[in-house]
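Descriptive analysis of the structure
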Amino acid sequence: MFLPPYSPNLNPIEKLWRWLKDSVISNVFHKNQSEIEQAVQRFLDFTQSCPERVLRRIG
């Protein structure tokens, strides 16, 4: 199957990155880098605890 060299809309990991950015960074103020790291870790913990939701989300 032919895939164009750059096709982020066909790459499932791009959907996961967008979900992370929307959940952790978009419209959220973090006082420092440590808070960002903690928010990312919470997101990763959530994704590991709910793999079926991740699979539904990334299609």
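To be clear, the structure that these remarks concern was listed above.
Heads up: these notes are all about the structure in this document. For clarity, every value in this text was computed on a predicted model and none was experimentally measured.

1. Looking at the pattern of salt bridges
Inspection of the entire model under this criterion finds one salt bridge. Among the salt bridges present, the one from Glu-35 reaches Lys-31, with a minimum N-O distance of 3.9 Å. Judged by relative accessible area, which is 65%, Lys-31 ranks as exposed.

2. Notes on the packing of aromatic side chains
Scanning the entire structure with this criterion turns up two aromatic pairs. Ring plane angle 85° and centroid distance 6.1 Å describe the contact between Trp-19 and Phe-46, whose orientation is recorded as edge-to-face. Placement of the pair is Trp-19 in helix 1 (residues 12-25) and Phe-46 in helix 2 (residues 33-49), with a sequence separation of 27 residues. A network of ring pairs unites the aromatic residues Trp-19, Phe-43 and Phe-46 as a single cluster.

3. Section: the nonpolar core
Ranked by size, the top nonpolar core spans seven residues in total: Trp-19, Leu-20, Val-24, Ala-39, Phe-43, Val-54 and Ile-58. Counting residues per element, the ones that place at least two in this core are helix 1, helix 2 and helix 3 (51-58). It is helix 1 that contributes the most residues to this core, three residues altogether. With residues near it in sequence (within four places) discarded, Trp-19 still touches Phe-43, Phe-46, Thr-47, Arg-53, Val-54 and Arg-57.

4. Looking at a nonpolar patch on the surface
On the surface, Met-1, Leu-3 and Leu-10 cluster together into a nonpolar patch covering about 410 Å² of accessible area. Structurally, Leu-3 is set in the segment before helix 1.

5. Some remarks on helix 1
For helix 1, with 14 residues, the first-to-last C-alpha span of 20 Å sits near the 20 Å given by 1.5 Å per residue. Those residues of helix 1 not exposed but buried are Trp-19, Leu-20 and Val-24. Buried positions in helix 1, seen along its axis, are confined to an arc of 105° and lie on one side of it. Elements in contact with the buried residues of helix 1: helix 2 and helix 3. Of the residues one or two after helix 1, Asn-27 is the one with positive phi, at around 55°.

Conventions used here
- Residues numbered from 1 in each chain as written.
- Predicted model: local features only at pLDDT ≥ 70, side-chain atom pairs only at ≥ 80, totals over all residues.
- Heavy atoms only, no water.
- Salt bridge = Lys/Arg side-chain N within 4 Å of Asp/Glu carboxyl O.
- Buried < 20%, exposed > 50% of the residue type's maximum accessible area, 1.4 Å probe, protein only.
- Phe/Tyr/Trp six-rings, centres within 6.5 Å; stacked < 30°, edge-to-face > 60°.
- Helix = DSSP H or I, 4+ residues; strand = E, 2+ residues; numbered from the N terminus.
- Core = buried A, V, L, I, M, F, W, Y, C linked by side-chain atoms within 4.5 Å.
- Contact = heavy atoms within 4.5 Å.
- Patch = residues over 30% accessible without salt bridge, like charges linked within 9 Å, V, L, I, M, F, W, Y side chains within 5 Å.
- Areas by Shrake-Rupley, 256 points an atom, 1.4 Å probe, with all protein chains shown as cover.
- Expected span 1.5 Å × (residues − 1).
- Arc of directions from axis to C-beta.

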